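Chain by chain, the residues run as shown.
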Amino acid sequence: MSQPTEKRRIASIELLRIISMLMVVTLHYISKTDALALPGDEMTPARYMGGFLESFCIVAVNVYVLISGYFLSAVPFKVSRGVRLLAQVLFYTLLIPPVLRAAGLPVYGQGVWKAAAYFLPVSTEHYWFVSAYILMLVFSPLLNAAVEKLQRKALRTVILLLLFFTCFLKSISPVQLVTDRMGYDFGWFLVLYLLAAYIRKYGLRRLEDPVRAACVYIGSCLATYGLHVCLHIVNEKSGALSYYATVPFHYNSLLCLTGALGFFSLFRCLRLRENGFAAAFSRAVAPYAFGVYLIHEQIDIRDRWVIWMQTLTGKVRQGSPLRFLLQALVTAVIVFICCALIDYLRSRLFKAASRCLRGSRIASALRKADAIFAR
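What you see is a predicted model; the values in this text were computed from it and never measured.

Focus: helix α15 (residues 361-374)
- Here α15 spans 20 Å end to end across 14 residues, near enough to the 20 Å set by a 1.5 Å rise per residue.
- Where α15 is concerned, the buried positions are A363, A369 and D370. Summarising the axial view, the buried residues of α15 lie within an arc of 125 degrees, below the 170-degree limit, and thus occupy one face. Of the residues in α15, the exposed ones pointing more than 90 degrees away from the buried face are R361, K368 and I372.
- Along its buried surface, α15 packs onto α4 (79-102) and α14 (321-357).

What about the packing of helix α12 (residues 289-296) against α14?
- It is the contact of α12 with α14, at a shortest axis distance of 8 Å, that shows an interaxial angle of 105 degrees. For the element pair α12 / α14, the angle class is roughly perpendicular. For the pair α12 and α14, contact is made by A289, G291, V292, I295 and H296 and by V335, F336, C339, A340, I342 and D343, respectively.

Brief notes about helix α10 (residues 254-269)
- Taking 1.5 Å as the rise per residue, α10 with 16 residues should run 22 Å; its terminal C-alpha atoms sit 23 Å apart, in good agreement.
- Those residues of α10 that sit buried are C256, L257, G259, A260, L261, G262, F263, F264, S265, F267 and R268.

Concerning the pattern of salt bridges
- In this structure the tally under the stated criterion is eleven salt bridges.
- Note that E14 is salt-bridged to R9, the shortest N-O span being 2.7 Å.
- By relative accessible area, E14 is classed as buried at 0%.
- Judged by its relative accessible area of 19%, R9 falls in the buried class.
- A salt bridge links E297 to R302, with the shortest nitrogen-to-oxygen separation between them at 4.0 Å.
- Among the charged side chains, a salt-bridge network with shared partners connects R9, E14 and R17.

Description of the side chain of S171
- Assignment of secondary structure puts S171 in helix α7 (residues 152-172).
- Setting aside its immediate chain neighbours within four residues, S171 contacts Y244, V247, N252, S253 and L254.

Regarding the layout of surface pockets
- For the second largest pocket, the calculated volume is near 710 Å³.
- As for the second largest pocket, its lining consists of 35 residues, of which H28, S31, E54, Y184 and Y251 are closest to the centre.
- Contributions of two or more residues to the lining of the second largest pocket are made by α1 (11-32), α3 (60-72), α6 (128-149), α9 (210-238) and α12.
- Looking at which element gives the most residues to the lining of the second largest pocket, the answer is α1, with six residues.

Here's the deal with a nonpolar patch on the surface
- Together, L161, F164, F165, F168, I172 and L254 line one region of the surface with nonpolar side chains, adding up to about 570 Å² of accessible area.
- Tallying contributions element by element places α7 first for the nonpolar patch, with five residues.
- Following the sequence through the fold, I172 ends up in helix α7.

Points about unusual backbone geometry
- The phi angle at E125 is positive, at roughly 55 degrees, despite the residue not being glycine.
- Locating E125 in the fold gives a position in the loop between α5 (112-119) and α6.
- Classification of E125 by relative accessible area gives partly exposed; the value is 48%.
- For L241, which is not glycine, the phi torsion reads 60 degrees and is therefore positive.

Examining the state of the cysteines
- All chains considered together, the criterion is met by zero disulfides.
- As a non-bridged cysteine, C338 has C339 as the owner of its nearest cysteine sulfur, 6.7 Å distant.
- The exposure class assigned to C338 is partly exposed, which follows from its relative accessible area of 43%.

Examining the nonpolar core
- Ranked by size, the top nonpolar core spans 104 residues in total, and within it F129, W188, F189, Y293 and F324 carry the most contacts.
- Those residues in contact with Y293, other than ones at most four positions away along the chain, are M21, V24, H28, Y127, W128, F129, V130 and Q298.
- Within the second largest apolar cluster, five residues are counted, among which are Y243, Y244, A245 and V247.

Focus on a positive patch on the surface
- Taken together, the side chains of R152, K153, R156, R205, R206 and R212 present a region of like positive charge at the surface.
- For the positive patch, the element with the highest residue contribution is α7, accounting for three residues.
- Structurally, R152 can be placed in helix α7.
- Classification of R152 as partly exposed rests on a relative accessible area of 40%.

Digging into the packing of aromatic side chains
- Taken as a whole, this structure holds 28 aromatic pairs when the rule is applied.
- Where F91 meets Y92, the ring centres are 5.1 Å apart and the plane angle is 90 degrees; that geometry is what we call edge-to-face.
- Their ring planes at 70 degrees and their centres at 5.2 Å tell us that F263 and F267 sit as a pair that is edge-to-face. With F263 and F267 both in helix α10 and four residues apart, this pair spans about one turn of that helix. Taken individually, F263 and F267 each receive the classification buried, so the pair is uniform in this respect.
- Taken together, the aromatic side chains of Y127, W128, F129, Y133, Y184, F189, Y251, F290 and Y293 make up a single cluster linked through ring pairs.
- Looking at K114, its charged tip hangs above the ring of Y108, at a distance of 5.3 Å from the centre.

How each quantity is defined
Residues numbered from 1 in each chain as written. Predicted model: local features only at pLDDT ≥ 70, side-chain atom pairs only at ≥ 80, totals over all residues. Heavy atoms only, no water. Helix = DSSP H or I, 4+ residues; strand = E, 2+ residues; numbered from the N terminus. Expected span 1.5 Å × (residues − 1). Buried < 20%, exposed > 50% of the residue type's maximum accessible area, 1.4 Å probe, protein only. Arc of directions from axis to C-beta. Contact = heavy atoms within 4.5 Å. Axes fitted to C-alpha atoms, helices over the stretch in contact; angles between N-to-C directions. Parallel < 35°, antiparallel > 145°, perpendicular 65-115°, else oblique. Salt bridge = Lys/Arg side-chain N within 4 Å of Asp/Glu carboxyl O. 1 Å grid on protein atoms, 1.4 Å probe; cavity = no way out; pocket = protein on both sides within 12 Å on 5 of 7 lines; lining within 4 Å. Points joined across faces, edges and corners; volume = space filled by probe spheres on them. Patch = residues over 30% accessible without salt bridge, like charges linked within 9 Å, V, L, I, M, F, W, Y side chains within 5 Å. Areas by Shrake-Rupley, 256 points an atom, 1.4 Å probe, with all protein chains shown as cover. Disulfide = S-S within 2.5 Å. Core = buried A, V, L, I, M, F, W, Y, C linked by side-chain atoms within 4.5 Å. Lys, Arg positive; Asp, Glu negative; His and termini not counted. Charge placed at Lys NZ, Arg CZ, Asp CG, Glu CD. Phe/Tyr/Trp six-rings, centres within 6.5 Å; stacked < 30°, edge-to-face > 60°. Lys NZ or Arg CZ within 6 Å of the ring centre and 35° of its normal.

Structure, rendered in C-alpha cells:
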C-alpha cells in the first residue's frame, strides 16, 4: 500500500506483501468453509488443520500495517496518496455490481440505504481494513511529527503504554473489555504505525537476526495454535471461556503481535539477489496485492468466490486434513493470480487517466495540497 522511501522498492518487503496477501485469502477461505472450530463446534481433522493454518496466517493484517507504518513514517504526508487509494476502492465497489447484474447475479445494494455501501465505502465499512487504514493515513502526519520530536525513551514509553491498554490487558482478560475492538479498528492501526516508525528509526535489536526473528514468528504461531486447541477443549468439556477461546485469533492479541513482529523482522533481514528472478517477480507483482483484497472481499463477491472455487477444488471434507490443506493453498494461489491480473488491468486504466488529468484543476489542487505537507 505505502511506498518505500527508496526510488526502487525493497524486494524482500515486496515479497512480504505478496505472502501476506496470500495469507489473508487463506484466512478468508478458512472462515468461509467452516474449517475453524469456534466455541461449541466439534473439533474435526479438517478443523485441526484449519486452526493450524489460521495460527500461522493470522499475523498477515498486522504485517501489512507494519509495512505501511515503516515506510510512511519516513516520507511527507500526501493527500494524493489517499485519493489514489480511495479511487482504487471506488473502482471496485462501483463497477463490480453492474458486471454481476449483467451476468444475471443479484447484488447486495438493492435500495438506497444498502447502495450507500458502494458510494461511501469508508464510512459504511464496506471493507473494514480500508476504513481503518484511511483514518490511519489521516493521522499519519501527526504521528510522524510525534516520532520526530519525541526522544527515544519517551516514544518507547508511549508505545508500551498503548500496548498495555490495547494488547496486553485484553490478552489476559477472560471477558471482553468494553474498549476492545479485537484489532478491527483504526486505533490498533495507530499503535502498529507508531511501533513500525520506532523500528524504522531505532531498530529492534532483539529481532535483527533472521534466525531469531523466524523463531519468534514460529514460536508465537505454535503457541497460538496450542492455546486455540486447549481453550477449545476446555470450553467443549465445561462450557467455560467461550469468549477467551477466540482471543488467540484477535489481531491485537499479544501472540499475534509478536508473531507479526517476528515475520516482519525476518523479511527486513532478508536480502534477495538484485536482478534475480525473486526480486524482479516481487517488485512486479506486489503493487497488485492490495487489489486482490479489494476484489475478493467486495461485498457482492466475498460470499461467492469460495463457492466458485469449490467447483474446481471440491467441497471441504471435515475428515481430510491434508486435502483441506491442499485445497486452501491452491485456492489462495488461484484467487491471488486472477485478482492480481484484474488489478493490473485497472492500474493501466488509472495510468492512462492520470496522463489525461495531469494538467487538470484536480491534479493541480492535489499537487498544492501535497506541497503543504512537503514544506
